[in-house]
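So you can see what is in the structure, the chains are spelled out below.
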Amino acid sequence: MGMTNKQFQGFLRLALAQIERALNETPDNKELQELKDIFQSMLEDGN
């Protein structure tokens with residue numbers, strides 16, 4: 001059972017929101033910033 005493109009984009013947006021929240025707590029976390037960049041590019045590639 002797979003996800004539709006719309007469901008996947010919703011998952012990415014939810015994850016990005018949580019990553020943003022974590023970055024507000026620890027803005028110097030390079031791993032979180034890299035993860036945010038990866039998720040953001042995945043979201044942009046899907047559009």
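Residues numbered from 1 in each chain as written. Predicted model: local features only at pLDDT ≥ 70, side-chain atom pairs only at ≥ 80, totals over all residues. Heavy atoms only, no water.

**Q** Got a minute to help me understand the overall build of the protein in this structure?
**A** Looking only at helices and strands, one finds two helices and zero strands in the protein. Taken along its principal axes, the extent of the C-alpha atoms in the protein is 35 × 15 × 15 Å. Counting across all 47 residues of the protein, residues that qualify as buried make up 19%. Of the roughly 3900 Å² that the protein leaves accessible, carbon and sulfur atoms contribute 55%. Averaging the positions of the 5 positive and the 8 negative side-chain charges in the protein gives two centres separated by 9 Å. (Helix = DSSP H or I, 4+ residues; strand = E, 2+ residues; numbered from the N terminus. Buried < 20%, exposed > 50% of the residue type's maximum accessible area, 1.4 Å probe, protein only. Areas by Shrake-Rupley, 256 points an atom, 1.4 Å probe, with all protein chains shown as cover. Lys, Arg positive; Asp, Glu negative; His and termini not counted. Charge placed at Lys NZ, Arg CZ, Asp CG, Glu CD.)

**Q** Please clarify how the pattern of salt bridges should be interpreted in this entry.
**A** Close approach of charged atoms allows side chains of opposite charge to pair. Counted according to the given criterion, the structure contains one salt bridge. A salt bridge links Lys36 to Glu20; its shortest N-O distance comes to 2.5 Å. With Lys36 in helix H2 (residues 30-45) and Glu20 in helix H1 (residues 5-25), this pair connects stretches of sequence that are 16 residues apart. Given the relative accessible area of 31%, Glu20 is considered partly exposed. (Salt bridge = Lys/Arg side-chain N within 4 Å of Asp/Glu carboxyl O.)

**Q** Just to check I follow, could you spell out the nonpolar core for this structure?
**A** Among the nonpolar cores identified, the biggest contains eight residues, and these are Leu12, Ala15, Leu16, Ile19, Leu23, Leu32, Phe39 and Leu43. Elements that contribute at least two residues to this core include exactly H1 and H2. Examining the composition of this core, we find that five residues originate from one element, H1, more than from any other. For Leu32, the contacting residues outside a window of four places in its chain are Ile19, Ala22, Leu23 and Thr26. (Core = buried A, V, L, I, M, F, W, Y, C linked by side-chain atoms within 4.5 Å. Contact = heavy atoms within 4.5 Å.)

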